[in-house]
Amino acid sequence: MVSNATMAFCTAYPSSLYPCKLKRHVIISFTALRSLPDSNRAEISLPTNLKNSRNLLNLLQKQNDPKSALEIFNSALNSKDFAPSYSVYEEILKQFAKSGSFEEMNLFLRQMNLNGFKINTGIFLFIIESYVKFQLFDEAVDLVLNQMEQEFDLKPDITIYNNLLNLLVEEGNKLKLIETIFTEMEKRGIELDTLTFNILIKSLCKNYQTKAATQMLDEMSERNLPPNEATFTTIMQGFIEEENLNLALEIKDKMVKDGIIKPTNTTINLLINGFCKAGRVEESFSFIQEEKLNGFKPDKLTFNALTNGLCQSKLTNQTGEILEFMLNEGYDPDLVTYNTLINNLCENNKIETAIEVLDRMVNRNCLPNLETYNTLINALCNANRVDEAIDLAHSLTVKGFSPNTNTFNHLINGLLKTNEFELAYRMFEEMRDNGCKPDKFTYNSLIIQLCTKKRLEEALTLFKEANLNGCEKSDKSYNVLINSLCKEKRLEEALDLFDEMEMNGVSRSLVCYNSLIDGLCKTNRIDDAKVLMDQMVLDGFKPDKVTYNSLLNHYCKEGNVTQTTEILESMIQNGFEPDRITYSTIINCLCKARRVEYACTLLRGMVIKGMKPGPRSYNPVISSLFRAKRNKEAILVFREMEKNGEKPDRISYDIVMRGLSCGGGSIYQAVDFLVELVEKGFVPEFSSFSNLAKGLLNLRKDETVVKLVRLVMNRAEFREGEIKAVNGLFKIRKFDEAIGTFGRILREINPPKKEYFNRRR
């Protein structure tokens, strides 16, 4: 009949019960074991007193691998009248188990059994632990449920079962195996004890089935098994992990109410930690005061819980309160507590309070260590108070400390953060001069900054120095150097570094691949880029927007519309929605190829997808429509940009102005647009204005020309003398000279800007 405990456990973990598979091993003779060592192993020089098992045991314990130990053992067997003791056999078994040589261990175990040695429980406990250590859970269970009794005539007792259950819970919470063992224990009539239930409760709690774990208390009561403090604290911890502190407190009340156990500091500190973990630090003080009435005396664990809770809750204003509380309770905070508080304050940018805590620490004769000062130095650097950080670092020698790698790294990063590269480099040189070895973080920071400043040769020199000094290889340094080399079109050097990463065991990243693919595309090595892209996929990386954009830019530059559209479709199919930059690149390409209809479709598609296309997307389309003499459509697209996209820029207005002034519409429409352009705060290109002015003069619209010139001069902020010179020429009706003078000045104020794509076709 299945017990209530089994039912409770199986309800929490519904699964079909299954017996563990039996594993049969062939018993072989010692001859096979003696052949295990390599045949070419050199002969071992053995002491002459090997007949003494204690001496042999000492020698075996000094061996670093089981094969050496077995070879010594076999050599000892060749001695006459030698009879190895049980402890010698045990040592060989442990050597095999510790190294994971379980096949040899099993052969040796069976030979030991055949030689008449009764294997004791301790050996099996060690073997079970070794199996679990190497994640061989099934083998551990099989040993207990099958092999021990069937092959070694040793019936597992409750100690063996509890040990196995606990290991399975701690090392992986193997629920099905735990259920199987539990059921087998019931079937075999193994009398469960409190420890068994505590282990099962722990398993349930680790799987966030704490309410089910509480049902086990009733089962324990039915079996007359008294729960102990560990039973209750395990359930409390389970509720705390499930962020249900109130239920944990109810368990504590049940524990006290039933008069089962008087809570010790273990229980109270656990709940204090629960209060702090839940961010209820203030309530934890009240709880402590209540429990003090019941005899609770706060200890080091209490104050550590409060300190950690303060840090996790970021309640930095209560730092002084906690310190006072500790002192009032007769507890002097130790170095760990002070460092925890100072670190928390620094992380929350409460540097002044952290310094106050440091002063209090010193006054209480608790000497700070280098970690304390490094924490403050790092905080000062992060707050851009680098000068203070340097002063503090320089004072370390007076305090009896030598700055270490972390100290210098904090200072160097602080200087780099404030754009003091030269000072940072001098700090790096001082670091080396003081015999402090730079690490990968030191070199990374400087190499990245050198590359940012386009000082690539210096970065490469520093990179080589790091390698010569045996510094750990960093993917960050490789990535930034490869990217910089690609930007300078030094592709062969970049590829050499890329190959070097594999040889040095440094993981390549998508960023690294993208830098090389982009560099190859920009140097027209598209076939090499495709090969590298295939390798990237084989390495487990999927192309992203950056990858696709590199290919798109190449094909757009070539004017290869077919490849461009294929890549766009592939990009969308793989779940990457093109961004505005991608769309702008493609639209530009389509316009150059006179595929303006498709370009208009993509442009309007961007709007439908909720994007706001900018001038870089609209301008090529408007210009292409004007070139195709589709002037009304060009104006319509311009108005769409005003309505649906970003505001037109100067080039947008210049394109429309040029199109209208070159016969793309009525001359009066061009005049109105020029006025609109100026009212929006822009100044027209003189070439467009000149065409419009000539047209107006041919129509004898002299006054209109004068008004437009004055309008533009006012917007362009001509000097008073320049305005007088132009107006003077208009007064004497020298219109050509007036416009010429106006144009010369306008070009100086407002030089022509290049469009986003080549105007000439």
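Preceding block: the structure.
Conventions we followed
Residues numbered from 1 in each chain as written. Predicted model: local features only at pLDDT ≥ 70, side-chain atom pairs only at ≥ 80, totals over all residues. Heavy atoms only, no water. Helix = DSSP H or I, 4+ residues; strand = E, 2+ residues; numbered from the N terminus. Buried < 20%, exposed > 50% of the residue type's maximum accessible area, 1.4 Å probe, protein only. Contact = heavy atoms within 4.5 Å. Areas by Shrake-Rupley, 256 points an atom, 1.4 Å probe, with all protein chains shown as cover. Polar contact = N/O pair within 3.5 Å; in protein donor to acceptor, adjacent residues only side chain to side chain. Phe/Tyr/Trp six-rings, centres within 6.5 Å; stacked < 30°, edge-to-face > 60°. Expected span 1.5 Å × (residues − 1). Axes fitted to C-alpha atoms, helices over the stretch in contact; angles between N-to-C directions. Parallel < 35°, antiparallel > 145°, perpendicular 65-115°, else oblique. Left-handed = near helix turned anticlockwise from the far one by under 90°. Nonpolar A, V, L, I, M, F, W, Y, C, P; charged D, E, K, R; others polar. Salt bridge = Lys/Arg side-chain N within 4 Å of Asp/Glu carboxyl O.

Residues and numbers for the overall build of the protein, please.
Secondary structure summary: the protein contains 42 helices and zero strands in total. Among the 761 residues that make up the protein, the fraction classed as buried is 49%. Pairs at least 24 apart in sequence give 65% of the contacts found in the protein among residues at least 6 apart. As displayed, the protein offers around 38400 Å² of accessible surface, 48% of which is attributable to carbon and sulfur atoms.

I'd like to hear about unusual backbone geometry, residue by residue, with values.
The phi angle at Lys489 is positive, at roughly 60 degrees, despite the residue not being glycine. Structurally, Lys489 is set in the loop between helix H27 (475–487) and helix H28 (491–503). For Lys489, a relative accessible area of 58% gives the class exposed. Although it is not a glycine, Arg700 sits at a positive phi angle of roughly 60 degrees. With respect to the helices, strands and loops of the structure, Arg700 is situated in the loop between helix H39 (686–698) and helix H40 (702–715). With relative accessibility at 74%, the residue Arg700 sits in the exposed group.

So, the side chain of Thr407: which residues are in play, and what are the values?
In this structure, Thr407 sits in helix H23 (residues 405–417). Thr407 sits in the buried class, given a relative accessible area of 1%. Of the polar contacts made by the side chain of Thr407, one reaches the side chain of Asn374; its length is 2.6 Å. A polar atom in the side chain of Thr407 sits 2.8 Å from the side chain of Asn404. In contact with Thr407, not counting residues within four places along its chain, are Leu370, Asn374, Ile377, Ala393 and Leu396.

Provide a residue-level description of the packing of aromatic side chains, including the pertinent values.
Counted according to the given criterion, the structure contains 24 aromatic pairs. Where Tyr89 meets Phe117, the ring centres are 4.6 Å apart and the plane angle is 50 degrees; that geometry is what we call tilted. Separated by 28 residues along the polypeptide, Tyr89 in helix H5 (residues 86–99) and Phe117 in the loop between helix H6 (102–114) and helix H7 (121–133) bring together distant segments of the chain. The class for Phe117 is partly exposed, based on a relative accessible area of 22%. When the ring of Tyr548 is compared with that of Phe576, the centres are 6.1 Å apart and the planes differ by 55 degrees; the resulting orientation is tilted. Note that Tyr548 is positioned in helix H31 (residues 545–558) and Phe576 in the loop between helix H32 (561–573) and helix H33 (580–592), a separation of 28 residues in sequence. On the accessibility criterion, Tyr548 (4% relative accessible area) is buried. Three or more aromatic residues link up through ring pairs in this structure, and these residues are Tyr86, Tyr89, Phe96, Phe108 and Phe117.

Which residues make up helix H10 (residues 175–187), and what are the values?
If you check H10, its first and last C-alpha atoms are 18 Å apart, about what 13 residues at 1.5 Å a residue would give, namely 18 Å. Among the 13 residues that make up H10, 10 are buried, leaving the element largely enclosed by the rest of the structure. Looking only at H10, the buried set comprises Leu175, Leu177, Ile178, Glu179, Thr180, Ile181, Phe182, Thr183, Glu184 and Met185. Among the residues trailing H10, Gly189 stands out with phi positive, at a value near 75 degrees.

Can you explain the packing of helix H12 (residues 210–222) against helix H13 (residues 229–241)? Please cite residues and give values.
Where H12 contacts H13, the axes come no closer than 9 Å and their chain directions differ by 160 degrees. On the basis of their axis angle, the class for H12 and H13 is roughly antiparallel. Considering how the two elements wind past one another, H12 and H13 form a crossing that is left-handed. Contacts from Thr210, Lys211, Ala213, Thr214, Leu217 and Met220 in H12 reach Thr231, Phe232, Ile235, Gly238 and Phe239 in H13. Classifying every residue of the contact of H12 with H13 gives six nonpolar, four polar and one charged.

How would you sum up the pattern of salt bridges? Please name residues and give values.
If you walk through the whole model with that rule in mind, you get 36 salt bridges. We note a salt bridge from Glu241 to Lys277, for which the minimum N-O separation is 3.1 Å. With Glu241 in helix H13 and Lys277 in helix H15 (residues 265–277), the pair connects residues that are 36 residues apart, well separated along the chain. Among the ionic pairs, Arg455 bridges to Glu422, the shortest N-O distance being 3.0 Å. Residue Arg455 is located in the loop between helix H25 (440–452) and helix H26 (456–468), and its partner Glu422 is located in helix H24 (residues 421–433); the two are separated by 33 residues in the primary sequence. Assessed through its relative accessible area of 24%, Arg455 is described here as partly exposed. For Glu422, a relative accessible area of 45% corresponds to the partly exposed category. It is possible to trace a salt-bridge network through shared partners that takes in Glu457, Glu488, Arg490 and Glu493.

Mind laying out the side chain of Thr302, listing which residues take part and the relevant values?
Following the sequence through the fold, Thr302 ends up in helix H17 (residues 300–313). The class of Thr302 is buried, set by a relative accessible area of 0%. In terms of polar contacts, Thr302 uses its side chain to reach the side chain of Asn269, at 2.5 Å. Side-chain polar atoms of Thr302 contact the side chain of Asp299, separated by 2.9 Å. Sequence-distant contacts of Thr302, that is, excluding residues within four places in its chain, are made with Asn269, Ile272, Ile288 and Phe296.

Which residues make up the packing of helix H29 (residues 510–522) against helix H30 (residues 526–538), and what are the values?
Running from N to C, H29 and H30 cross one another at 165 degrees; their axes reach a closest spacing of 8 Å. Considering the angle they form, H29 stands roughly antiparallel to H30. H29 and H30 meet at a crossing whose hand is left-handed. Seen from H29, the contacting residues are Leu510, Tyr513, Asn514, Leu516, Ile517, Leu520 and Cys521; seen from H30, they are Ile526, Asp528, Ala529, Leu532, Met533, Gln535 and Met536. Of the residues belonging to the contact of H29 with H30, the class tally is 11 nonpolar, two polar and one charged.

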